[in-house]
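Listed here are the chains, written in short residue letters.
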Amino acid sequence: MKKQCVDKNYNNNQLALYHFHQGTNFCAYDYLGAHLTKIKGKNGVIFRVWAPNATEVSVVGDFNCWETGKNPMKRISAFGVYELFVQNLKEFDLYKFAITTGKQTVLKIDPYAFYTETPPNCASKIYDLSGYNWQDSKYISNRTSCYNKPLNIYEVNLLSWKKHADGSCFSYLELKEHLVQYVVDMGYTHVEFMPVSEYPYEGSWGYQISNYFAISSRFGTPKEFMALIDEFHKNNIGVIIDWVPGHFPKDLFGLYMFDGTPCYESQNLFRREQKSWGTHAFDLKKKEVQSFLVSNACFLFNEFHIDGLRVDAVASMLYLDYDRKNGEWETNENGGNHNLDSIVFFKKLNSVIFNKFPYALMIAEESTAFPLVTKPADVGGLGFNFKWNMGWMNDVLSYLKCDPYFRASIHDKLTFSMMYAFSENFILPISHDEVVHGKKSLIDKMHGNIEDKFSTLRAFELYKFAHPGKKLNFMGNEFAQFKEWNYNEGLEFFMLKFPLHKKFNVFSKRINYIYKNNAPLYEIEDSWLGFKWLAVDEKEKNVLAFLRRDTCGNKLVAIFNFSGVDYLNFRLGVDKGKYKVLISSDQKAFGGQGRFKLKRTKTNKIKAHNSEHSIVIDLPKLSGAYLIEKV
């Protein structure tokens, strides 16, 4: 038998049904769907489904030769929930709901199914989630918020991290054996999976979900996915999952027009279609849809012990005119372009999640300047605790593409982000979206010849880790894969046999550990107490320097030369003290030439950059370095 929801008051079926229709059943998956049970001494499965506009609903499957109408369901709710108990069914049996509206009957998957056939097949499977023996209790008991802790995320697409020789992808158990140790060895703190709930079209990368409660069967069973997460936790690695509450695909077997009418989607044509993606948008005003989505988020935390959700395409949900031309959208009741239902939904979602899971990471992929995304709902915010800094990402990548000769005119692309760095709790993302569709791989975005590209990329990585904000890096960037990411192919790990790629991988690992072990790089990210400009106006030289500070007052100086020329005897204004080099991107072990020189470790009382004291440094072209105070 599956364990009951953590909310014990939902054990009462009538109360569960009432709360479902009120939008407040946050464990709706314990009530709807298909559950192995015993009723009046007889073993079987209780089926429940919401189909408010259906005229008839029945369960079909192998057990009745897929004959519609043979096992009719009883309508038990005026708002459209149907129920049926079928004896003698067992785990892994296939089923669908036959939903009749008027004269048309369509076979639909169970929206709350825990397991499905592997695409392109799509039938739901009876599955018992209980019984997995979790081994992560020590990790679970130590989970706290990540505000003042290192957060360095390795973003992974499970289809394409590694492939077998025959082109097949690694299973959950194979990923447990290989991916976990790789992430640990590289020094990341978290892994983020692109969507793992079942999806029909692999070209959507998982962002067009058909079965929200079913972990993709491409890689194994739900319990094998539990084992993968368990292994990450036993190795002190957090797990984040990409989640897509904004829209769903229009496959006929799925949520699309589920009961023959707009059921999960809006009745309003202006709000229903996401034309660019070929999908339908959820109607977040419907209480049953709220129960469905918030329950799904809780489900992933409850049943799979995840640490957080990265919520996809938040901007598409917040704006009524998102990706719509004039005449394709209507204003809200106040005459504006904000989707008020989405705003209410996000506040509700985040309030529920943080009430139940205080340690949770709720990360918004939000690409606009919408206010208060990471502020609590009770003070008018959306309630997320982190947001991707898309502005920083676009600015800095456009700077790095530019010929160093012309970078002086766009120096502000490296500095402007500090004008708003503390307005939200940011994550600095170099994600999958930046290395596909002709945008080039990260290394290939860098300007110049091969050596200059690697030099620039190493300097950028030092800049990224020193800049306020948590970090995210997409798989393959850690060894500078030259080829764009392709979901049909595994990463080109063979590139590690080439010296520049191998040394860059050594550098990536080194900077990951430096980040984790140096509190000035992560402790104070919400105020100027943790940051101070040292050299911000050296645009003609393409030089930038700043200081990071932790809660104990320890300091780290970060300096960068993004020009195409070396600067010997560069004088940098710093606080009085003695300094030593923590890391230089020009070190030979990383593929550099070993030219970084710190002429003096002790400051001179010579003014520079608005400071009374300074040090003299040799700055090689296209390089960066960290200095720390000598005790």
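Higher on the page you've got the structure.
Residues numbered from 1 in each chain as written. Predicted model: local features only at pLDDT ≥ 70, side-chain atom pairs only at ≥ 80, totals over all residues. Heavy atoms only, no water.

### Topic: the overall build of the protein
Link 1 in the chain: Scanning the protein for helices and strands turns up 13 helices and 30 strands.
Link 2 in the chain: Taking 2.2 N^0.38 as the reference for a compact globule, 631 residues should give roughly 25 Å; the C-alpha atoms of the protein span a radius of gyration of 27 Å, in line with that estimate.
Link 3 in the chain: Each of the three principal axes of the protein carries a C-alpha extent, and together these read 90 × 55 × 45 Å.
Link 4 in the chain: In the protein, which comprises 631 residues, the proportion classed as buried is 61%.
Link 5 in the chain: The contacts in the protein between residues at least 6 apart in sequence include a share of 71% that link residues at least 24 apart.
Link 6 in the chain: Total accessible area on the protein is roughly 24700 Å²; 50% of this is exposed by carbon and sulfur atoms.
Link 7 in the chain: Distance between charge centres in the protein, computed from 77 positive and 69 negative side chains, equals 6 Å. (Helix = DSSP H or I, 4+ residues; strand = E, 2+ residues; numbered from the N terminus. Rg over C-alpha atoms; globule rule 2.2 N^0.38 Å. Buried < 20%, exposed > 50% of the residue type's maximum accessible area, 1.4 Å probe, protein only. Contact = heavy atoms within 4.5 Å. Areas by Shrake-Rupley, 256 points an atom, 1.4 Å probe, with all protein chains shown as cover. Lys, Arg positive; Asp, Glu negative; His and termini not counted. Charge placed at Lys NZ, Arg CZ, Asp CG, Glu CD.)

### Some thoughts on the side chain of S130
Link 1 in the chain: If you trace the backbone, S130 turns up in the loop between β9 (124-125) and α2 (137-141).
Link 2 in the chain: Note on S130: relative accessible area 14%, which makes it buried.
Link 3 in the chain: One polar contact links S130 to D128, side chain to side chain, over a distance of 2.8 Å. (Polar contact = N/O pair within 3.5 Å; in protein donor to acceptor, adjacent residues only side chain to side chain.)

### A word on helix α3 (residues 172-186)
Link 1 in the chain: The first and last C-alpha atoms of α3 sit 20 Å apart over 15 residues, in line with the 21 Å expected at 1.5 Å per residue.
Link 2 in the chain: At H178, α3 shows its largest bend, some 30°.
Link 3 in the chain: Looking at α3, one finds that the buried residues are Y172, L175, L179, V180, Y182, V183 and M186.
Link 4 in the chain: Where α3 is buried, its residues touch β10 (152-156), β11 (190-193), β13 (211-215), α4 (222-234) and α13 (499-517). (Expected span 1.5 Å × (residues − 1). Bend = angle between axes of the 7 residues up to and from the residue.)

### Here we look at the packing of α3 against α4
Link 1 in the chain: Interhelical geometry of α3 versus α4 gives an angle of 15° and a closest axis separation of 9 Å. One finds that α3 runs roughly parallel with respect to α4. Once α3 is placed against α4, the crossing between them reads as right-handed. Across the interface between the two elements, Y172, L173, L175, K176, L179, V180 and V183 of α3 pack against E224, F225, A227, L228, E231 and F232 of α4.
Link 2 in the chain: Residue composition of the contact of α3 with α4, by class: ten nonpolar, no polar and three charged. (Axes fitted to C-alpha atoms, helices over the stretch in contact; angles between N-to-C directions. Parallel < 35°, antiparallel > 145°, perpendicular 65-115°, else oblique. Left-handed = near helix turned anticlockwise from the far one by under 90°. Nonpolar A, V, L, I, M, F, W, Y, C, P; charged D, E, K, R; others polar.)

### Remarks on the packing of aromatic side chains
Link 1 in the chain: Summed over the entire model, instances satisfying the criterion amount to 64 aromatic pairs.
Link 2 in the chain: A centroid spacing of 6.0 Å and a plane angle of 50° characterise the contact between Y154 and Y182, whose relative ring orientation is tilted. Pair noted here: Y154 is in strand β10 and Y182 is in helix α3, with a separation of 28 residues, a long-range link. In this pair, the class of Y154 matches that of Y182, namely buried.
Link 3 in the chain: Note on F474 and W485: the rings are 5.3 Å apart at their centroids and 75° apart in plane angle, and the pair reads as edge-to-face. Here F474 is found in strand β22 (residues 470-474), whereas its partner W485 is found in the loop between β22 and α13, with eleven residues between them in sequence. Like F474, the residue W485 is buried in the burial classification.
Link 4 in the chain: A cation sits over an aromatic face here: R143 above Y359, 3.8 Å from the ring centre.
Link 5 in the chain: In this structure, K162 is placed above the aromatic ring of F493, and the distance from its NZ or CZ to the ring centre is 4.9 Å. (Phe/Tyr/Trp six-rings, centres within 6.5 Å; stacked < 30°, edge-to-face > 60°. Lys NZ or Arg CZ within 6 Å of the ring centre and 35° of its normal.)

### Some thoughts on the sheet that holds strand β1 (residues 33-39)
Link 1 in the chain: Overall, antiparallel pairing links the four strands, which are arranged β1-β2-β5-β4 in an open sheet. Strands at the two margins of the open sheet, each flanked by one partner only, are β1 and β4 (74-75).
Link 2 in the chain: Inspection of the sheet shows strand β2 (residues 42-50) paired to strand β5 (residues 81-87) by seven bridges, in the antiparallel sense. From the neighbouring strand, I46 faces β5, where its bridge partner is F85. (Pairing = 2+ DSSP bridges.)

### A look at the sheet that holds strand β15 (residues 247-249)
Link 1 in the chain: Strands sit in the order β15-β17-β16 across an open sheet of three strands; the sheet is antiparallel. Looking along the sheet, the strands with just one partner apiece sit at the ends: β15 and β16 (273-274).
Link 2 in the chain: The pairing of β16 with strand β17 (residues 279-281) spans two bridges and is classified as antiparallel. Its bridge partner lying in β17, Q274 is registered against T279.

### Side note on the pattern of salt bridges
Link 1 in the chain: For the structure shown, the criterion picks out 25 salt bridges.
Link 2 in the chain: Across the salt bridge formed by R48 and E83, the nearest N and O atoms sit 2.6 Å from each other. Here E83 lies in strand β5 and R48 lies in strand β2, a separation of 35 residues in the sequence.
Link 3 in the chain: K464 is paired through a salt bridge with E461; the nearest N and O atoms lie 3.1 Å apart. Of the two residues, K464 and E461 are both situated in helix α12 (residues 450-466); the distance of three residues between them amounts to about one turn of the helix.
Link 4 in the chain: Exposure remark for K464: the relative accessible area of 1% places this residue in the buried category.
Link 5 in the chain: Given a relative accessible area of 7%, E461 falls into the buried group.
Link 6 in the chain: Through salt bridges with shared partners, one network takes in D242, R310, D312 and E365. (Salt bridge = Lys/Arg side-chain N within 4 Å of Asp/Glu carboxyl O.)

### Things to note about α13
Link 1 in the chain: Across its 19 residues, α13 extends 27 Å between first and last C-alpha, which sits within 8% of the 27 Å expected from 1.5 Å per residue.
Link 2 in the chain: Three or more residues of α13 are buried, namely H501, F504, N505, F507, S508, I511, N512, I514 and Y515.
Link 3 in the chain: The secondary structure elements touched by the buried residues of α13 are β10, α3, α12, β22, β27 (579-584) and β30 (623-629).

### Some points on the environment of F570
Link 1 in the chain: Within the secondary structure, F570 sits in strand β26 (residues 567-574).
Link 2 in the chain: Spatially, the C-alpha atom of F570 lies 76 Å from that of E83, the residues being 487 residues apart in sequence.
Link 3 in the chain: The residues contacting F570, other than those within four sequence positions of it, are E538, K541, V543, I559, H609, I615, V616, I617 and L619.

### A closer look at the nonpolar core
Link 1 in the chain: F47, F193, Y212, Y264 and Y626 are the most contacted members of the largest nonpolar core, which has 179 residues in total.
Link 2 in the chain: In terms of residue count, helix α6 (residues 287-304) provides more of this core than any other element does, ten residues in total. (Core = buried A, V, L, I, M, F, W, Y, C linked by side-chain atoms within 4.5 Å.)

### Details of the state of the cysteines
Each disulfide consists of a covalent bond between the sulfur atoms of two cysteine residues.
Link 1 in the chain: Tallied over the full model, the rule gives zero disulfides.
Link 2 in the chain: The thiol of C263 is not disulfide-bonded; the next cysteine sulfur, from C122, is found 18 Å away. (Disulfide = S-S within 2.5 Å.)

### Considering unusual backbone geometry
Link 1 in the chain: Backbone torsion omega between P119 and P120 reads 15°, so that peptide bond is classified as cis.
Link 2 in the chain: With respect to the element layout, P120 can be found in the loop between β8 (115-116) and β9.
Link 3 in the chain: In this structure, C65 takes a positive phi of about 60° despite not being glycine.
Link 4 in the chain: Along the chain, the position of C65 falls in the loop between β3 (56-61) and β4.

Note that every value here comes from positions in space, so none of it alone points to a role or purpose.
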